[in-house]
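As a plain string of letters, each chain reads:
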Amino acid sequence: MKHSTKHQGLLAAAVAAALLQTSLTTQAGLFKIDFGSLENERAPVDASDNPLTDANGIPLGPQPLLLDWNVIPNWTFADPNANVAPDSASVLGVASADGTSVTWKLKDVSVTPNNNVTLTMLDNRTLAEKLSSDAPPYMLGQTGNNPTKEGRDVVYDGVRVPGIVKDDYLYRNPDTDGSETLMRIANLDPGTYNVTVFEGRTTDGKRTGKVWVDDIKGLKEPASENTGNYAGKNDAGDVLLDGQPRTVTVKVNAGEYLWFAEMEDNSGGISGMVIRSVIDPADSKGLFKLDFGELENERVTKITNANKDQAGEDASAPPPLTDWNVIPTWTFADPNSNVTAGSASIKGTANADATAVTWNLTDFSKDANKNVTVTMLNNVAQNEANSFPPALGQSANNPTKEGIAVMYDGILVPASVKDDYMYRNPDTDRSETLMRFAGLNPGKYKVTVFEGRTTDAFRAGKVWVDDIKGLKEPADQNTGNFAGKNDAGDVLPLGQPRTVVVDVKAGEYLWFAEMEDNSGGISGMIIRGVPAAPSAVSLLSSAALGGAFSAVTGASVDAAAKTITIPAPTSSSFYRLSGASKVSISTSGANLVFKYE
Ligand SMILES: [Ca+2]
Ligand SMILES: [Ca+2]
Ligand SMILES: [Ca+2]
Ligand SMILES: [Ca+2]
């Protein structure tokens, strides 16, 4: 249901008694562009160009289809889709009527996708005419190349970049030194974005571009490059097997466009671009990010094509996460036996009788609250009532490895967080691991939980606020299914995070029960403080359209996410949201969520 007015959105919500579970997340975007399809569609060969085969002598096929990248193959203004292979990950472009631009729709891999974002490529014709007034080298399109094939997965700005993205690139056709390919990205939600560009080719000495925000004309283009060198060699000429991605942070206001100029120098091109929104930490009152499981964090980086001597030597785990607390496999008896030196794993402290382990958590918001801890414990009463074996700790697992970074509640969730998980040890069906969070500053928090594994059909938990004993635990789960498959059994490569909003008062604890069902576990948790409501936005309701509207009590306003959450009414209600526009309504558990701009 959508309604838009200039000042006041008038909304009528007929609310069914049974509400569907849906995601509740912050406005955010994550766009991944792979320039070049050559590596995506190439079957692997050995050093002598003979096809690599499996154990039965059958030639290996190309790498699996990318599910989370927009792949742009060779194209021309005259025929943008001539190289879009059937059943590939390549996206279709639409040429303008005059044949001077091509526009592609971009897939947003955040959980609340903005499906209106487009990339338009066009020539910098003024520049081409400066290069030669007699015969300007006007752009015809872009052409792919892949002279070096490092075949390694890397992580740029928290996003895994497979070798088939990094190793191929597109260059301007023709590749006249000093010319430019212009890229204009439209319809991004207003906000702050990291723009990361890179070239994989390791025999190219220099590659640069210009990033800026502008109107549709793009006349504010900077005079000089502002990315720095993003080629596969550094300025000293050293080969960089892992590349040197460059990130520029920009602020996009409503109606503005993100621009990029790919500066052609007659050698090399652009391999890929990642555009992701960044929540200003100042917008969150407390931000805690827990990665359950260390397996993916410490997994050796995948080398897909070891035709480089160096590739085998240099294989390594991704860089340790700097903004997540990782909890590795642990036991009450020995909580830290799997904490690897130099990793992002944190150390826990067991109590004297080894029935609880407590970890100090990092507040990644500006609040920097140093008092927050999570304590994990056995649900003793439940164990005794059901003759369950007591929990010994938690163990990690990672049976499916999507390698996909996603955005949950506006927070980037790297693949190394999403793909591994922890389960209760032992994983007795219907048993629980309890988590008690202490030291949170009073206020409202969004608690988001998720499991990456895409072969697990159901996972749920209980979120509540209580004293130190936790006796008010709900009888049933209240998160909804947060497994990597939905209730219909569909595989969800991007996952289905679930968010519950809680109000923590002074001295209270946030509790979570990880409900064990003998399959799967919990991959991660984000606890994000919700800033107080700006006085400009308020939610009013009335039982009748023409009735008296009054302020809704208990409304939780998230100014950063631009959402208002209320308990769903039990009968039809009419809502008026003042001070906001472009309002939409969704449900989340037993809540109604109003999203506004
Ligand atoms: Ca590619
Ligand atoms: Ca590429
Ligand atoms: Ca992990
Ligand atoms: Ca994890």
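Only a predicted model underlies this, so the values are computations on that prediction, with no experimental measurement involved. The residue count restarts for each chain, going from 1 along the sequence in the order it is written. Throughout, the order in which chains and ligands are written sets their labels, letters from A for the former and numbers from 1 for the latter. The predicted origin of the model limits local features to residues at a pLDDT of at least 70 and limits the giving and counting of side-chain atom pairs to 80 or more, whereas totals for whole chains, interfaces and linings rest on all residues.

(A) Spotlight on the overall build of the protein chain. Check the secondary structure of the protein chain and you find five helices and 41 strands. Radius of gyration here uses only the C-alpha atoms, and the compact-globule reference equals 2.2 Å multiplied by the residue count raised to the power 0.38. At 26 Å, the protein chain has a C-alpha radius of gyration in line with the 25 Å of a compact globule built from 597 residues. The principal-axis extents of the C-alpha atoms in the protein chain amount to approximately 85 × 65 × 40 Å. Buried residues in the protein chain amount to 45% of all 597 residues. We call two residues in contact when their backbone-placed C-beta atoms lie within 7 Å. The long-range share in the protein chain, meaning contacts at least 24 apart out of those at least 6 apart in sequence, stands at 72%. Strands are runs of DSSP state E lasting at least 2 residues, helices are runs of H or I lasting at least 4, and numbering of each runs from the N terminus. With C-beta atoms placed from the backbone, a residue is labelled by how many other C-beta atoms lie within 10 Å of its own: buried for 20 or more, exposed for 12 or fewer, partly exposed between the two.

(B) Examining the domain arrangement of the protein chain more closely. Parsing the protein chain into structural domains produces domain 1 (2–24 + 533–595), domain 2 (30–278) and domain 3 (285–529). For every domain, the bounds stem from an assignment made automatically or drawn from a database. Taking only C-alpha atoms into account, the centre of domain 1 sits 41 Å from that of domain 2.

(C) Broad picture of the nonpolar core. The nonpolar core criterion groups buried Ala, Val, Leu, Ile, Met, Phe, Trp, Tyr and Cys residues into a set whenever they are joined through C-beta atoms within 7 Å. Judged by nonpolar contacts, the single largest core of 108 residues is most densely connected at Ile185, Leu258, Val406, Met407, Tyr408, Val413 and Val447. Sequence-distant contacts of Val406, that is, excluding residues within four places in its chain, are made with Leu30, Val109, Ser110, Val111, Val413, Lys418, Leu494 and Gly495. Counting residues in hydrophobic clusters, the runner-up holds 13 residues, among them Leu539, Val552, Ile566 and Leu592.

(D) Structural detail: the pairing of strand E14 (residues 191–198). Of all eight residues that make up E14, six are buried, and the element is covered over most of its length. Here seven bridges tie E14 to strand E16 (residues 246–252), and the two strands are oriented antiparallel to one another. Directly across from Tyr193, in E16, lies its bridge partner Val250. Any two strands between which DSSP finds at least two bridges are classified as paired. Taken together, the seven bridges between E14 and strand E18 (residues 272–278) define a ladder with antiparallel strand orientation. Bridge pairing in E18 places Val197 opposite Met273.

(E) Here's a closer look at the sheet that holds strand E6 (residues 93–95). The six strands lie next to each other as E6-E7-E8-E13-E17-E15, forming an open sheet whose pairing is antiparallel. Each having just a single partner strand, E6 and strand E15 (209–214) make up the two edges of the open sheet. The sheet shows a mean angle of 20° between the axes of neighbouring strands, taken without regard to direction. Both strand E13 (residues 180–186) and strand E17 (residues 257–263) contribute to a ladder of six bridges, which runs antiparallel. Bridge pairing in E17 links Arg184 to Trp259. Note on geometry: axes are C-alpha line fits, over the in-contact stretch for helices, and angles between N-to-C directions span 0 to 180 degrees.

(F) Local environment of unusual backbone geometry. Here Asn173 and Pro174 are connected by a cis peptide whose omega angle stands at 0°. One can find Pro174 in the loop between strand E12 (169–173) and E13. Cis geometry marks the peptide bond from Asn425 to Pro426; its omega dihedral reads 0°. By secondary structure assignment, the location of Pro426 is in the loop between strand E28 (421–425) and strand E29 (432–438). With phi around 75°, Asn266 is a residue other than glycine that occupies positive phi space. Of note, Asn266 is situated in the loop between E17 and E18.

(G) Inspection of the environment of Gly205 at higher detail. Tracing the chain through its elements places Gly205 in the loop between E14 and E15. For Gly205, a count of 15 C-beta atoms within 10 Å corresponds to the partly exposed category. Along the chain, Gly205 and Val239 lie 34 residues apart, while their C-alpha atoms are 8.9 Å from each other.

(H) Layout of the confidence of the model for the protein chain. The predictor rates its confidence in each residue with pLDDT, a number between 0 and 100. When the pLDDT values of the protein chain are averaged, the result is 90; 92% of them are 70 or greater. Contacts from residues 1–25, a stretch scored under 50 in pLDDT, to residues over four places away or in other chains number 65 contacts.

(I) Main features of the sheet that holds E28. Taken in spatial order, the three strands line up as E21-E25-E28 in an open sheet, and their pairing is antiparallel. Each having just a single partner strand, strand E21 (330–331) and E28 make up the two edges of the open sheet. In this sheet, E28 lies alongside strand E25 (residues 393–397) in antiparallel orientation, the contact comprising five bridges. Within the sheet, the bridge partner assigned to Asn397 lies in E28 and is Tyr421.

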